[in-house]
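Results of the structural survey
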Amino acid sequence: MPTPWETPIRAGRQLTIAPGPSLAGSGWAAVLPNAITEFNRLSTANTLGVTFVPSTTRPDPNGPGGASVQFDIGNGTLTFTSFGTQFSLTVDGNALIGHTQVVQTVFGNVQRIAKAFIFVPATPRAGGPTGRVIGDPAKLVMAVHEFIHACGL
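**A short note on the overall build of the protein**
- When its secondary structure is counted, the protein shows three helices and nine strands.
- Element order for the protein, N to C, with α for helix and β for strand: α-β-α-β-β-β-β-β-β-β-β-α.
- In summary, the protein has a C-alpha radius of gyration of 15 Å against a globular reference of 15 Å for 153 residues, a match within 12%.
- Taken over the C-alpha atoms alone, the protein extends approximately 50 × 35 × 30 Å along its principal axes.
- Pairs at least 24 residues apart make up 63% of the contacts formed inside the protein by residues separated by at least 6 positions.

**Examining the sheet that holds strand β1 (residues 14-19)**
- The strand order across the open sheet formed by five strands is β2-β1-β3-β7-β6, and the pairing between neighbours is mixed. Looking at strand neighbours, the two that pair on one side only are β2 (51-54) and β6 (99-107), the edges of this open sheet. Strand-to-strand twist in this sheet, taken as the mean axis angle between neighbours without regard to direction, amounts to 30°.
- Inspection of the sheet shows β6 paired to strand β7 (residues 110-121) by nine bridges, in the antiparallel sense. For Val 102, the partnering residue across the bridge sits in β7 and is Ala 116.
- Helix α3 (residues 136-150) contacts β1, β2, β3 (69-74), β6 and β7 of the sheet and is inclined by roughly 165° relative to β7.

**Thoughts on the packing of aromatic side chains**
- If you walk through the whole model with that rule in mind, you get eight aromatic pairs.
- Considering the side-chain rings of Phe 71 and Phe 147, the 6.1 Å spacing of their centres and the 85° angle between planes classify their relative orientation as edge-to-face. Taken together, the residues span a long stretch of sequence, with Phe 71 in strand β3 and Phe 147 in helix α3 at a distance of 76 residues.
- Residue Phe 71 is classed as buried on the basis of its relative accessible area, which comes to 0%.
- The buried category is assigned to Phe 147, whose relative accessible area is 0%.
- Among the aromatic side chains, those forming a connected cluster through ring pairs are Trp 28, Phe 39, Phe 52, Phe 71 and Phe 147.
- Over the face of the ring belonging to Trp 28 we find Lys 139, whose NZ or CZ atom lies 5.6 Å from the ring centre.

Parameters and conventions
- Residues numbered from 1 in each chain as written.
- Predicted model: local features only at pLDDT ≥ 70, side-chain atom pairs only at ≥ 80, totals over all residues.
- Heavy atoms only, no water.
- Helix = DSSP H or I, 4+ residues; strand = E, 2+ residues; numbered from the N terminus.
- Rg over C-alpha atoms; globule rule 2.2 N^0.38 Å.
- Contact = heavy atoms within 4.5 Å.
- Pairing = 2+ DSSP bridges.
- Axes fitted to C-alpha atoms, helices over the stretch in contact; angles between N-to-C directions.
- Phe/Tyr/Trp six-rings, centres within 6.5 Å; stacked < 30°, edge-to-face > 60°.
- Buried < 20%, exposed > 50% of the residue type's maximum accessible area, 1.4 Å probe, protein only.
- Lys NZ or Arg CZ within 6 Å of the ring centre and 35° of its normal.

Next up, the structure:
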């Protein structure tokens, strides 16, 4: 079941997205802007009602400031902090699957998404850990897929 974003985000119909600290210089750096463009194209064509807007300000680890979403790469146990709470997850750096972790707030009985953190494998490989690193078109599909999760689906 979908979880909606907090009311101000829903009203604005935009999610800001910032690159995480490990993205620069990686094989994913050029994919992020293309994924934003492609998601927005698909969103418009399919009337999804939300777009991604690039940001240079990462989510504030201690509060609601900064971007709504952070996009980063990883391999192994990864940690991030949101609203003063540390979270961790494990990413297989050679896998063909990303992970989106949403941070929710609760008002009464209503849960809302406050932030989302996307992690994709640092070197996704076709054919297992010794296979070839996949190209940018396949990475684009992975990134857009994770954007859909970040929207709350």
